[in-house]
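Each chain, letter by letter, is given below.
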Amino acid sequence: MTHDHDRTALGAEARRLREDADRTANWKRWGPYLAERQWGTVREDYSADGDCWNAFPHDHARSRAYRWGEDGLLGITDRECRMCFALALWNERDPILKERLFGLTNPEGNHGEDVKEQYFYLDSTPTHAFMKALYKYPQAAFPYEQLVQENRRRGNLDPEYELVDTGAFDDDRYFDVFVEYAKDAPDHLVIVVTLVNRARERARLHVLPTVWFRNTWAWGGDGEDMPPRPRLRRLDADTIATEHETLGRFRLVADRAGNGPADLLFTENDTNVARLFGAPNPAPHVKDAFHEYVVHGNVEAVSPEPEGTKAALHYVLEIPGGGERVLRFRLAAARRPGDPADRPIDDIVRDRRAEADAFHDARVPATLGADERNVVRQAYAGLMWSKQFYHYDVRTWQTGDPAQPAPDASRLGRRNGEWGHLYNRDVISMPDKWE
């Protein structure tokens, strides 16, 4: 709880903290709770030998539905990880659509598990009424294999081989991708994506702001964590309508200011069984449809019907050297008759940014210089962005789901064998989100 003498100094953020603590307004319902890596984790490991790194590798992540969570790039989700929003990117050179962070598994890294990306948490308030982050995306093909092979070659006494060592950022040939989130109400968020071309020459970038539902329907269970299959559908050229039994109805609306309409793409957040396991897909449209459509030009991969459980707005942006493009979105609960008109997106971001300044000014010692204050503020941002939805019902993980093959019997006597009573489904502090 915030003390009374702090409330005046902290202003609007103090009010939000108080309302959230009193449960009069759910200001923390949405936040940076989306993991940046769900693949290669113990929770997703259903192998007989307990080798989680090979049981669900990065190569499976774009095609295989997760059982216990989701991941994305600079994304957000609600505190039960029902609906997610994140960015996907393609520079027209990568072999895959960039939807999540890449890194080395424990056997691949010369110092163990190691993320191989450049991303930075720049700002956040405790209620996540304002958040900002940055991802640096090379314009050359992302050097996946080079990073794996060179780190595998090096020994424990050698330094790690990082993304910057590959030359991926030489001559400033990269994009800075800034994302800002601001709340006008607990269930009313606006999103500003600023895409900066740091190179001298013009470059093209595919940007896919993506909204999707965590797969809770493929496992055959029931209960509050497994409601019926939710739906996303096209409402108009700029709007995706969402409907979920427990989350309710929302709208993701693109603001056309400075940009034309995007292509709306739809698919299902279901595993591509054919690609991974060689068996027929139960339905034709699967999780990696946007990768197939954007990278390989496979127009049949996406749904011909404007609905599904995963949707994206597909922009193809020409960005001049040293220039930028800005995309704006509104993710909000469906409007009801009599609701006040929506405030302009830029006004909401400006107000929340100013309130974030006031919050940090009251917390960071005034004796520090500007650079030092910025370091402290980003350190706070790192702590706040490192809150993550963590779901792990160990008994179900041990014994399996009704609609899935039973796990190997050795699971009951091996990893977590004595933890069958443990049930986790909450937002926790995850200082090392790569684990």
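Just so you know, these numbers come straight off a predicted model, no measurement behind them.

Parameters at a glance
Residues numbered from 1 in each chain as written. Predicted model: local features only at pLDDT ≥ 70, side-chain atom pairs only at ≥ 80, totals over all residues. Heavy atoms only, no water. Helix = DSSP H or I, 4+ residues; strand = E, 2+ residues; numbered from the N terminus. Rg over C-alpha atoms; globule rule 2.2 N^0.38 Å. Buried < 20%, exposed > 50% of the residue type's maximum accessible area, 1.4 Å probe, protein only. Contact = heavy atoms within 4.5 Å. Polar contact = N/O pair within 3.5 Å; in protein donor to acceptor, adjacent residues only side chain to side chain. Core = buried A, V, L, I, M, F, W, Y, C linked by side-chain atoms within 4.5 Å. Pairing = 2+ DSSP bridges. 1 Å grid on protein atoms, 1.4 Å probe; cavity = no way out; pocket = protein on both sides within 12 Å on 5 of 7 lines; lining within 4 Å. Points joined across faces, edges and corners; volume = space filled by probe spheres on them. Nonpolar A, V, L, I, M, F, W, Y, C, P; charged D, E, K, R; others polar. Phe/Tyr/Trp six-rings, centres within 6.5 Å; stacked < 30°, edge-to-face > 60°. Axes fitted to C-alpha atoms, helices over the stretch in contact; angles between N-to-C directions.

Caption draft 1: Summary view of the overall build of the protein. Helix and strand counts for the protein stand at 10 helices and 19 strands. Taken against the 2.2 N^0.38 rule, which gives 22 Å for 435 residues, the C-alpha radius of gyration of the protein at 22 Å falls within 12% of a compact globule. Considered along the principal axes of its C-alpha atoms, the protein spans approximately 60 × 50 × 50 Å. The 435 residues of the protein split such that 55% are buried. Taking all contacts inside the protein whose residues are at least 6 apart in sequence as the whole, residues at least 24 apart take part in 72%.

Caption draft 2: Looking closely at the environment of Arg-100. Inspection of the secondary structure puts Arg-100 in the loop between strand 3 (83-90) and strand 4 (103-104). Overall, Arg-100 belongs to the buried group, its relative accessible area being 7%. With 29 residues separating them along the chain, Arg-100 and Asp-71 place their C-alpha atoms 6.5 Å apart. Residues within four places of Arg-100 in sequence aside, it is in contact with Glu-36, Trp-39, His-58, Ala-61, Arg-62, Tyr-66, Asp-71, Gly-72, Glu-117 and Lys-287. Among the polar contacts listed, one links the side chain of Arg-100 to the side chain of Asp-71, at a separation of 2.8 Å.

Caption draft 3: Quick look at the nonpolar core. Formed by 72 residues in total, the largest nonpolar core has its most connected members in Tyr-135, Val-193, Leu-195, Ile-240, Leu-313, Tyr-315 and Phe-329. The residues touching Phe-329, leaving out its near neighbours within four places in the chain, are Leu-189, Val-190, Ile-191, Val-193, Pro-209, Leu-252, Val-253, Ala-254, Leu-313, Tyr-315 and Ile-345. Ranked by size, the runner-up nonpolar core spans nine residues in total, among them Phe-130, Val-326, Ile-345 and Val-349.

Caption draft 4: Up close: the sheet that holds strand 6 (residues 119-124). Taken in spatial order, the nine strands line up as 6-7-8-9-17-13-12-11-15 in an open sheet, and their pairing is antiparallel. The open sheet has two edge strands with one neighbour each: strand 6 and strand 15 (307-308). In this sheet, strand 12 (residues 239-244) lies alongside strand 11 (residues 231-236) in antiparallel orientation, the contact comprising five bridges. Residue Arg-231 lies in a different strand from strand 12, and its bridge partner there is Glu-243.

Caption draft 5: Geometry of empty space enclosed by the protein. With the rule as written, the count across this model stands at three cavities of 30 Å³ or more. If you add up the space inside the largest cavity, you get close to 100 Å³. What lines the largest cavity is a set of 13 residues, among which Asp-71, Glu-99, Arg-100, Trp-212 and Lys-310 lie closest to the centre. At the level of secondary structure, the elements contributing two or more residues to the lining of the largest cavity comprise strand 3 and strand 10 (203-213). With three residues, strand 3 is the single largest residue contributor to the lining of the largest cavity. Along the lines of polarity and charge, the residues of the lining of the largest cavity split into four nonpolar, three polar and six charged. In this structure, the second largest cavity spans a volume of roughly 70 Å³. Looking at the lining of the second largest cavity element by element, the count peaks at three residues for helix 4 (residues 58-61). Here the lining of the second largest cavity is composed, by residue class, of four nonpolar, one polar and five charged.

Caption draft 6: Inspection of unusual backbone geometry at higher detail. A positive phi angle, close to 55°, is found at Leu-74, a residue other than glycine. As for its position among the elements, Leu-74 is in strand 2 (residues 73-78). Positioned with a positive phi, His-128 is a non-glycine residue whose angle comes to about 60°. For His-128, the location among the structural elements is in the loop between strand 6 and strand 7 (130-138).

Caption draft 7: Spotlight on helix 5 (residues 144-153). Those residues of helix 5 that fall on the buried side of the exposure criterion are Tyr-144, Leu-147, Val-148, Glu-150 and Asn-151. Residues of helix 5 that are buried make contact with helix 4 and strand 4.

Caption draft 8: Broad picture of the pairing of strand 18 (residues 387-393). The buried count for strand 18 comes to five of seven residues, which makes it a mostly enclosed element. With seven bridges connecting them, strand 18 and strand 19 (residues 423-429) associate as antiparallel partners. Looking at strand 19, one finds that Lys-387 is bridged to Ser-429.

Caption draft 9: Main features of the layout of surface pockets. Empty space within the largest pocket amounts to approximately 700 Å³. Looking at the largest pocket, it is lined by 30 residues, and the ones nearest its centre are Arg-64, Trp-219, Thr-271, Phe-277 and Gln-404. Elements with a minimum of two residues in the lining of the largest pocket: helix 3 (52-55) and helix 6 (273-277). Taken together, the residues that form the lining of the largest pocket break down as 15 nonpolar, seven polar and eight charged. By volume, the second largest pocket amounts to about 400 Å³. Lining the second largest pocket are 14 residues, with His-188, Ala-333, Ala-334, Arg-336 and Asp-339 positioned closest to its centre. Of all elements in the fold, only strand 8 (174-185) and strand 17 (324-333) reach the threshold of two or more residues within the lining of the second largest pocket.

Caption draft 10: The arrangement of the packing of aromatic side chains in detail. This structure, assessed with the given rule, holds 15 aromatic pairs. Summarising the aromatic geometry, the rings of Phe-85 and Phe-329 are spaced 6.5 Å apart at their centres and angled 55° between planes, so their arrangement reads as tilted. Of this pair, Phe-85 sits in strand 3 while Phe-329 sits in strand 17, and the two are 244 residues apart along the sequence. Classification of Phe-329 by relative accessible area gives buried; the value is 0%. With a centroid separation of 5.5 Å and 80° between ring planes, the pair formed by Tyr-392 and Trp-397 is classed as edge-to-face.

Caption draft 11: Looking closely at the sheet that holds strand 1 (residues 30-31). Ordered in space as 1-2-3-10-16-14, the six strands form an open sheet in which the pairing is antiparallel. In this open sheet, the two strands that pair with only one neighbour each are strand 1 and strand 14 (263-267). As judged from the five bridges shared by strand 14 and strand 16 (residues 310-319), these two strands associate in the antiparallel manner. Across the sheet, residue Phe-266 finds its bridge partner in strand 16, namely Ala-311. Helix-sheet contacts for helix 7 (residues 289-296) involve strand 3, strand 10, strand 14 and strand 16, and the interaxial angle to strand 14 is about 135°.

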